Amino acid sequence: MFAYHLFLLQRYIKNPHTTVFGFENNDKIAWIQNIMQMENRDVNTALDVLSSNNSGATFLATVCLTLSSLIGAWMANTSTIFMSKLIYGDTRPATMSIKYISLLVCFLVAFSCFVQSSRCFIHANYLISIPNSEVPTSYVELAVIRGGDFWSIGLRALYFAITLLLWFFGPIPMFVTSIGMVFLLNYLDTNKSPLLQHHSSSKLRGNDVIFLVN
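Position labels on residues start from 1 in each chain and follow its written sequence. Two thresholds apply to this predicted model, a pLDDT of at least 70 for residue-level local features and 80 or more for giving and counting side-chain atom pairs, whereas whole-chain, interface and lining totals are computed over all residues. Side-chain measures were taken over the full set of non-hydrogen atoms in the model, leaving aside hydrogen atoms and water.

Peer 1: Even after reading the chapter, I still don't get the side chain of Asn125, so can you show me in this structure?
Peer 2: Helix and strand assignments come from DSSP, with helices taken as H or I runs of at least 4 residues and strands as E runs of at least 2, each series counted from the N terminus. With respect to the helices and strands, Asn125 occurs in helix H4 (residues 93-129). Each residue's exposure class comes from its accessible area (1.4 Å probe, protein chains only) as a fraction of the maximum for that residue type: buried when under 20%, exposed when over 50%, partly exposed otherwise. A relative accessible area of 18% places Asn125 in the buried class. The criterion used for residue contact is that any of the two residues' heavy atoms lie within 4.5 Å. If sequence neighbours within four positions are ignored, Asn125 has contacts with Leu47 and Leu50.

Now the structure itself:
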């Protein structure tokens, strides 16, 4: 899982268009430029879109915090469910503590990322809704793309948490899940569609944004 994400990061830096993240960021930039360069901006529609993203990030942050609390309570209860002889692998208390802490760290990282994602989307709301102000488009693009990046990292932490959860049942389930997760993520992260080329001018009206497919 770590090796795959290092490979994905390298590919995202060098050839972002080959990843779904670069594809989505390109569409986000097109949407932001369309919104910001209209003479009569449809602020309500833009705020609704950002609000939906913010609501999703807030919901996932709440779920991660709840699961972290449950894991903490489970550790304090010193449960012996995963110490059965049916579980293959090391079931010593020290090893089980490492598993609990690793899973807890994943959920806390996901929680932190979703909170930061919500913060970025809220900041973008402020920038878009400022009346009679020449806010640079790059400011809004930075806030929205950062929010999306934090969202993606939070989801990755949840994927790692799924793998670590199977670790409680032994190294073999964790290994099989890791292999399956890598193949699944590689399929989901690979983009083979051409990027949409957006052309903007200083006097765009309404929906006069042209998208050309390479």
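Once the structure has been displayed, the description carries forward.
Peer 1: How should helix H6 (residues 171-189) be read in this particular structure?
Peer 2: Since the α-helix advances by 3.6 residues per turn, residues separated by three or four positions end up pointing in the same direction. Under the convention used throughout, the expected extent of a helix is 1.5 Å for every residue step, that is, one less than its residue count. A rise of 1.5 Å per residue sets the reference length of H6, with its 19 residues, at 27 Å; its end C-alpha atoms lie 26 Å apart and thus fit the reference within 8%. For H6, the complete set of buried residues consists of Thr177, Ser178, Met181, Leu185 and Asp189. Buried positions in H6, seen along its axis, are confined to an arc of 110° and lie on one side of it. The exposed set on the far side of H6, more than 90 degrees from its buried face, consists of Ile172, Phe175, Val176, Phe183 and Tyr187. Looking at the buried side of H6, the elements it contacts are helix H1 (2-14), helix H2 (20-37) and helix H5 (137-167). Each C-beta atom gives one direction from the helix axis, and the arc is the one those directions make.

Peer 1: Please clarify how the UniProt feature "transmembrane region" (unreviewed entry) in the chain should be interpreted in this entry.
Peer 2: UniProt positions are given in the numbering used here, feature names are shortened, and annotations may be inferred rather than shown by experiment. Per the UniProt record, "transmembrane region" (unreviewed entry) is annotated on residues 57-76, 97-117 and 157-188. Helix makes up 100% of residues 97-117 and strand 0%, whereas the separation of the span's terminal C-alpha atoms amounts to 30 Å. Here residues 157-188 runs as 91% helix and 0% strand, with 16 Å between its end C-alpha atoms.

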